[in-house]
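Per-entry structural report
One-letter residues, chain by chain:
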Amino acid sequence: MPVLDPNPQHGQKKMLLVFGAFFAIFIVIAVIASIASP
């Protein structure tokens, strides 16, 4: 990880934010799919 990211704290925070956004989108899609399914 240190080789890819020279600033671990900031990079980790950004990665966590991206992962959180992806997870939130996944939850929204799952909720829409469960509502749309008969």
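Every value quoted in this text rests on a predicted model; they were computed, and no experiment measured them.

Moving on, we get to the overall build of the protein. Along the protein, the regular secondary structure elements total 1 helix and 0 strands. Residues classed as buried in the protein amount to 3% of the 38 residues present. For the protein, the exposed surface amounts to about 3800 Å²; the carbon and sulfur share of it is 79%.

Looking now at the packing of aromatic side chains. Counted according to the given criterion, the structure contains 1 aromatic pair. Their ring planes at 15 degrees and their centres at 6.5 Å tell us that Phe 19 and Phe 23 sit as a pair that is stacked. With Phe 19 and Phe 23 both in helix α1 (residues 8-36) and 4 residues apart, the pair spans about one turn of that helix.

Taken together, Phe 19, Phe 23, Phe 26, Ile 27, Val 31 and Ile 35 make up a surface patch of nonpolar side chains, about 660 Å² in accessible area. With respect to the element layout, Ile 27 can be found in helix α1. Taking relative accessible area as the criterion, Ile 27 reaches 41% and is therefore assigned partly exposed.

A few words on the UniProt feature "transmembrane region" (unreviewed entry) in the protein. UniProt records the feature "transmembrane region" (unreviewed entry) for residues 16-36 in the present numbering. Counting secondary structure, residues 16-36 comes out at 100% helix and 0% strand; the distance between its end C-alpha atoms is 30 Å.

The rules behind the values
Residues numbered from 1 in each chain as written. Predicted model: local features only at pLDDT ≥ 70, side-chain atom pairs only at ≥ 80, totals over all residues. Heavy atoms only, no water. Helix = DSSP H or I, 4+ residues; strand = E, 2+ residues; numbered from the N terminus. Buried < 20%, exposed > 50% of the residue type's maximum accessible area, 1.4 Å probe, protein only. Areas by Shrake-Rupley, 256 points an atom, 1.4 Å probe, with all protein chains shown as cover. Phe/Tyr/Trp six-rings, centres within 6.5 Å; stacked < 30°, edge-to-face > 60°. Patch = residues over 30% accessible without salt bridge, like charges linked within 9 Å, V, L, I, M, F, W, Y side chains within 5 Å. Salt bridge = Lys/Arg side-chain N within 4 Å of Asp/Glu carboxyl O. UniProt positions renumbered as here; feature names shortened; annotations may be inferred.

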